[in-house]
Amino acid sequence: MGDIDVAIGVDVDAVAGWLGSYGGEDSRADLSRGLSAGNEGVPRMLTVFENEGIDTSWYVPGHTLETFREEIQAVADAGHELGIHGYSHENPSDLSREQEAAIIEASIELIEDVTGERPVGHRASWWEFSENTADLLDEYDFLYDSSLMESEFEPRQVRTGDSWEKIDYDAEAESWMEPYEYGEELDVVEVPISWYRDDIPPMLFIKHPYYNTGYADPETMHEKYYKAQFDYLYDRRGAGVYTLTIHPDVYGKPHMIPLLEDFIRYVKDHDRAEFKTVEDVARKYQEDPSVYEPEGEFV
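Calculation rules
- Residues numbered from 1 in each chain as written.
- Predicted model: local features only at pLDDT ≥ 70, side-chain atom pairs only at ≥ 80, totals over all residues.
- Heavy atoms only, no water.
- Axes fitted to C-alpha atoms, helices over the stretch in contact; angles between N-to-C directions.
- Helix = DSSP H or I, 4+ residues; strand = E, 2+ residues; numbered from the N terminus.
- Parallel < 35°, antiparallel > 145°, perpendicular 65-115°, else oblique.
- Left-handed = near helix turned anticlockwise from the far one by under 90°.
- Contact = heavy atoms within 4.5 Å.
- Nonpolar A, V, L, I, M, F, W, Y, C, P; charged D, E, K, R; others polar.
- Salt bridge = Lys/Arg side-chain N within 4 Å of Asp/Glu carboxyl O.
- Buried < 20%, exposed > 50% of the residue type's maximum accessible area, 1.4 Å probe, protein only.
- Expected span 1.5 Å × (residues − 1).
- Pairing = 2+ DSSP bridges.
- 1 Å grid on protein atoms, 1.4 Å probe; cavity = no way out; pocket = protein on both sides within 12 Å on 5 of 7 lines; lining within 4 Å.
- Points joined across faces, edges and corners; volume = space filled by probe spheres on them.
- pLDDT = per-residue confidence, 0-100.

Participant: Would you mind going over the packing of helix α8 (residues 218-237) against helix α9 (residues 257-268) with me for this structure?
Facilitator: When two helices pack together, their arrangement is given by the angle between the helix axes and the distance between those axes. Between α8 and α9, whose axes approach to 11 Å, the crossing angle comes to 20°. One finds that α8 runs roughly parallel with respect to α9. Crossing angle aside, the handedness with which α8 passes α9 is right-handed. Every residue of α9 that contacts α8 at Pro 218, Glu 219, His 222, Tyr 226, Lys 227, Phe 230 and Asp 231 is listed here: Leu 259, Leu 260, Asp 262, Phe 263, Tyr 266 and Val 267. Taken together, the residues of the contact of α8 with α9 break down into eight nonpolar, one polar and four charged.

What follows is the structure in structure tokens.
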């Protein structure tokens, strides 16, 4: 029988999120929301995980680590995994190879300074890969990445060299009528994530005109999205990895803490499900890829 592991990933975007992604870099008010996430949200969430006795993975931009050093040190001291997540939550697809490599190197050093160990996990800011990201993951010898969505519940290998043709309406149709081509697998595990198991799109108010209002009902999100996907994995698929991506910017708010506790206890009520760090998941898959293959007819 395969395993069902639940990995909670905490992306500590805080001020970095407003600098690099949410359109708030010129707003003192928006930046203050990032300060609240770091100063208040992180300790609240850490308290929940400690009370519930579960291990989690925290992806920490370099800006967050340097701004909220004591708070992130407390996360590491409690035994939770730290992985890298850019510096100012910049979009990798806008970076040169040299810029992306410099950010990775600095992020590794910052986490090593906190934990005394080299991080093994990478989560791309914006959940975007540049044309260089896969090769850099291999070059810097990461165990795993957790940024892509090729599967819902099953790890795979990161690939380099995937190719596809974009539509060019000014060219002959035959020039872009080509299928997607898979590249070469690297020795880096990809632990999948999902926008449907992420709290920011539905529940963080952002003033940027191209984003979202952030007022989805939290209980609806828990019942109709987060628990429903877990139920599919548990009842129909029978084996796999469930990643939930949450942020102190959202789940660190007072009204979200009881819902976080409720989700953790819901998973605990299922005897075949266990909480793991994403590092644990990647190592299990590396040792035996079949451990997360579906048991039933549902993929």
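Participant: Sorry, what's going on with the pattern of salt bridges here?
Facilitator: A side chain of one charge can pair with a side chain of the opposite charge if their charged atoms are brought near each other. Here the structure, examined in full by the defined rule, presents 18 salt bridges. Two residues, Lys 207 and Asp 30, come together in a salt bridge whose shortest N-O distance is 3.7 Å. With Lys 207 in the loop between α7 (200-203) and α8 and Asp 30 in helix α2 (residues 28-52), this pair connects stretches of sequence that are 177 residues apart. By relative accessible area, Lys 207 is classed as partly exposed at 49%. By relative accessible area, which is 4% here, Asp 30 ends up buried. Note that Glu 279 is salt-bridged to Arg 283, the shortest N-O span being 3.0 Å. Separated by four residues within a single helix, Glu 279 and Arg 283 lie in helix α10 (residues 278-287), roughly one turn from each other. The exposure class assigned to Arg 283 is partly exposed, which follows from its relative accessible area of 35%. By sharing partners, the salt bridges in this structure join Asp 3, Asp 5 and Lys 284 into a single network.

Participant: Just to check I follow, could you spell out helix α5 (residues 97-115) for this structure?
Facilitator: With 19 residues, α5 should reach 27 Å at 1.5 Å per residue; the first-to-last C-alpha distance of 27 Å fits that figure. The inward-facing, buried residues of α5 abut α3 (62-67), α4 (69-77), β3 (81-84) and α6 (133-139). Gly 116 occupies a position one or two residues after α5 and carries a positive phi of about 80°.

Participant: What am I meant to see in the pairing of strand β1 (residues 4-11) here?
Facilitator: Put simply, side chains in a regular strand alternate between the two faces of the sheet. Of all the eight residues making up β1, eight are buried; the element is thus mostly covered by neighbouring parts of the structure. Both faces of β1 are covered, namely the face carrying Ile 4, Val 6, Ile 8 and Val 10 and the face carrying Asp 5, Ala 7, Gly 9 and Asp 11. Relative to strand β8 (residues 240-246), β1 is paired through seven bridges, and the arrangement is parallel. Within β8, the residue paired with Asp 5 across the bridge is Val 241. Pairing analysis gives three bridges linking β1 to strand β9 (residues 273-275), with the strands arranged parallel. Paired with Asp 5 across the bridge in β9 is Glu 274.

Participant: Sorry, what's going on with the pairing of β3 here?
Facilitator: Side chains Glu 81 and Gly 83 project from β3 onto one buried face, and the interleaved Leu 82 and Ile 84 project onto a second face that is buried too. Both strand β2 (residues 57-60) and β3 contribute to a ladder of four bridges, which runs parallel. From the neighbouring strand, Tyr 59 faces β3, where its bridge partner is Gly 83.

Participant: What should I look at first to understand the layout of surface pockets in this one?
Facilitator: Where empty space is left in the structure can be found by rolling a water-sized probe over the atoms. If you add up the space inside the largest pocket, you get close to 600 Å³. Residue lining of the largest pocket: 23 residues in total, with Phe 129, Leu 148, Asp 162, Trp 164 and Tyr 180 positioned closest to the centre. Within the residue set of the lining of the largest pocket, elements represented by two or more residues are α6 and β6 (156-160). Considering every element that reaches the lining of the largest pocket, the biggest residue donor is β6, with five residues. Here the residues of the lining of the largest pocket are counted per class, giving nine nonpolar, seven polar and seven charged.

Participant: Looking at this structure, I do not really get the confidence of the model for the chain. What am I missing?
Facilitator: Caution applies to low-pLDDT regions: their predicted coordinates should not be interpreted in detail. Here the chain averages 96 in pLDDT, and 98% of its residues register 70 or above. When pLDDT is averaged over each helix and strand of the chain, the minimum, 93, is found for α7 and the maximum, 99, for β2.

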